[in-house]
Amino acid sequence: MTRKKVLIITPQTWGKMLISKHHYAISFAEMGYEVYYMNPPNAIKGLRGYSIDKIPDFNRLNLINYYLLSNRITEYFRIRHDIVNFHDWYLLQLVNRICKEHKLFFDVVLSFEPNLHGLLYRYPARKKIFFTADMISKTVHTRAAKNIDAVVSVGPELLEKFDSINSRQLLVNHGINTEYREFAKKNLAALDDGLYSISKNRVQIGYIGNLLISCLYIEGFKKIVADNPNIDFHFWGAYNMQNNNVAGGGNEFLQQQISYIRENFKNTHFYGVKSSFEIIPNLNKIDAFIYINDSKKDVNGGVNSHKILEYLTTGKVIISTWLSYYKDMNLFPMLEKGKESDYPALFGEVLSKLEYYNDSEMQKKRIKYALSNTYNDNLLKILEIGRAS
C-alpha cells in the first residue's frame, strides 16, 4: 500500500523551536503520512536548486530547501508594487520539477505562506488548503486561497479577509501536541484524585515562547519583574538569536531590554529554547502563567496565541492581555483591548487571590478545554472540510 503524502509550505524554518506549522507536520507523520516540509527560500546559504533530506529524530519527515532569486529588483517589485507573478510561476515549476524527479504526487498540500506560492491551486495534489495564521494586510496575500479546497484560520477576524475569495472556510483553535496532551491527562487525573497544591512559599510564574517577539509589552513585563523581587519568573524560549528559528530578533531595543532584565534581576530564570520534552517536567511547579502582548503592535490585534493551550494543560491561571478568541470562555482573567498599561495591576490582583483562581474545579475546566484542542483533532477537521468541498 502506497503511503499518503503531504506537502507543508511555511514561512518558518524547521529548527529547535516548534510552533503550530511544525506540530501539524508532526501530526501528519503520526497519522502515517510521508511529510515534506518546505522551508522558506534560501534557508541554506550557498544552495542552488533544491535539496531533500530526512529530518533527524522524526519518522516520515523530510525537509525541502530551495534557492529563490531575490535581489533589489525582485524585492522592489514584490514589496512596493505587489508584483509576485515571477516568484509564483517559478515556485510552481520548482514543485512540479521536484514531483517529477522524485515521482511524487501529494494527497494534500497545506500552505501557511501568504507571501509566496500564489498558484497553489495548480500544485500537483488532490487537496489544496491554505491556513492563514496571521492577519492579512494586503489583497495580494489572499491570492493563494483562490480556487482551492478550503481556507483555515485560528480567528474569525482572520477569516473575514477571505470572504470574497473563498467561502469554504474552517475556524479552529491552536492545538496541543502529544506530549502536552499526555501531560494534561495526568494533571486531570491528579485533580480528580484530590491532588493539587498552592505554593506556600515563593510564588512561581511561567512564560513559554519567543521573548523577542515584536509585540511583547516590554514595559509591563519589566515592571512586574522589578516590582516583585519575592516572586520567581521562569522563561522558556528564545531570549537571544541562538536557536531562534521563528520570527523575532530584529528589534535591538527589545533585545537590550531582555538582556538587562536577565542580567539585573535575580528572581528571573532564563532557560532558552527547549523542547516540550524538556519543558513539561518543570511546569507543575508553576503557580501562574503570563501572556503579555501589546495588541497595537500585534499583527493580529490580539486574536489568539498558540501558547495559551499549552498553559491550560497545567490547569493553572493565566494572567493575560487581550485575546478575542477567549473573551467569552471565562477560563482566565484578561485585560480589555488597548488596556495593556493596566497589566501590573491585574497581575497583583490575581496573585492576591491565587487560591481562588487556582481552585480545583477551575483547573479541571482549563485542562478539559485544552484536551479538546489537539493538533491531531484539528487535522481531522481540516481533512474533513477538504473532503467535503
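Relevant structure appears above.
All of the points below concern the structure found in this document. (Residues numbered from 1 in each chain as written. Predicted model: local features only at pLDDT ≥ 70, side-chain atom pairs only at ≥ 80, totals over all residues. Heavy atoms only, no water.)

1. Some remarks on the environment of Asn-293
Next, step 1: Inspection of the secondary structure assignment puts Asn-293 in the loop between strand E12 (288-291) and helix H9 (307-312).
Next, step 2: Along the sequence, Asn-293 and Ser-320 sit 27 residues apart, while their C-alpha atoms lie 8.3 Å from each other.
Next, step 3: Those residues within four positions of Asn-293 in sequence are excluded, and the remaining contacts are Cys-215, Leu-216, Tyr-217, Thr-321 and Glu-340.
Next, step 4: A polar contact of 3.0 Å, which involves the side chain of Asn-293, links it to the side chain of Tyr-291. (Helix = DSSP H or I, 4+ residues; strand = E, 2+ residues; numbered from the N terminus. Contact = heavy atoms within 4.5 Å. Polar contact = N/O pair within 3.5 Å; in protein donor to acceptor, adjacent residues only side chain to side chain.)

2. Looking at the sheet that holds strand E5 (residues 106-111)
Next, step 1: Judged by pairing direction, the sheet is mixed, and its eight strands sit side by side in the order E3-E4-E2-E1-E5-E6-E7-E8 without closing on themselves. The two strands at the open ends of the sheet, each matched to only one other strand, are strand E3 (50-54) and strand E8 (169-171). Between one strand and the next, the sheet's axes are offset by a mean angle of 20 degrees, whatever the strand orientation.
Next, step 2: The pairing of E5 with strand E6 (residues 125-132) spans five bridges and is parallel. In the sheet register, Val-108 faces E6, and the bridge partner there is Lys-127.
Next, step 3: Contacts between helix H1 (residues 20-30) and the sheet are confined to strand E1 (5-9), strand E2 (34-38), strand E4 (61-66), E5 and E6, with E2 contributing the most and set at about 160 degrees to the helix.
Next, step 4: Those strands touched by helix H3 (residues 85-102) are E1, E2, E3, E4 and E5, and its axis lies near 55 degrees from that of E3. (Pairing = 2+ DSSP bridges. Axes fitted to C-alpha atoms, helices over the stretch in contact; angles between N-to-C directions.)

3. Some remarks on the sheet that holds strand E9 (residues 204-208)
Next, step 1: Strand order in the open sheet formed by five strands is E11-E10-E9-E12-E13, with parallel pairing between adjacent strands. With one partner strand each, in any of the chains shown, strand E11 (268-272) and strand E13 (317-320) form the two edges of the open sheet. Each adjacent strand pair in this sheet contributes to an overall mean axis angle of 25 degrees, direction not counted.
Next, step 2: With four bridges joining them, E12 and E13 adopt parallel strand pairing. The partner of Tyr-291 across the bridge, within E13, is Ser-320.
Next, step 3: Helix H10 (residues 343-352) rests against E9, strand E10 (232-236), E12 and E13 of the sheet, and its axis sits at about 160 degrees to E13.

4. A short note on the pattern of salt bridges
Next, step 1: If you walk through the whole model with that rule in mind, you get 15 salt bridges.
Next, step 2: Here Asp-149 and Lys-127 are joined by a salt bridge, their closest N and O atoms 3.8 Å apart. In this pair, Asp-149 sits in the loop between E6 and strand E7 (150-153) while Lys-127 sits in strand E6, placing the two residues 22 residues apart along the sequence.
Next, step 3: Classification of Asp-149 as buried rests on a relative accessible area of 14%.
Next, step 4: Overall, the relative accessible area of 24% leaves Lys-127 in the partly exposed class. (Salt bridge = Lys/Arg side-chain N within 4 Å of Asp/Glu carboxyl O. Buried < 20%, exposed > 50% of the residue type's maximum accessible area, 1.4 Å probe, protein only.)

5. Points about unusual backbone geometry
Next, step 1: The phi dihedral of Asn-42 is positive, around 60 degrees, even though this residue is not glycine.
Next, step 2: Tracing the backbone through its elements, the reader meets Asn-42 in the loop between E2 and E3.
Next, step 3: On the accessibility criterion, Asn-42 (35% relative accessible area) is partly exposed.
Next, step 4: Residue His-117 is not a glycine yet carries a positive backbone phi of 60 degrees.
Next, step 5: Looking at the secondary structure, you find His-117 in the loop between E5 and E6.
Next, step 6: Under the relative-accessibility criterion, His-117 is labelled buried at 1%.

6. Topic: the pairing of E1
Next, step 1: Across the five residues of E1, five count as buried, placing the element largely inside the fold.
Next, step 2: Of the two faces of E1, the one carrying Lys-5, Leu-7 and Ile-9 and the one carrying Val-6 and Ile-8 are both buried.
Next, step 3: Two elements, E1 and E2, share five bridges in a ladder whose sense is parallel. Bridged to Ile-8 within E2 is Tyr-37.
Next, step 4: Handedness of the crossover joining E1 and E2 through H1 is recorded here as right-handed.
Next, step 5: Bridging between E1 and E5 involves four bridges; their strand directions are parallel. Its bridge partner lying in E5, Ile-8 is registered against Leu-110. (Right-handed = clockwise from strand over helix to strand, strands pointing away.)

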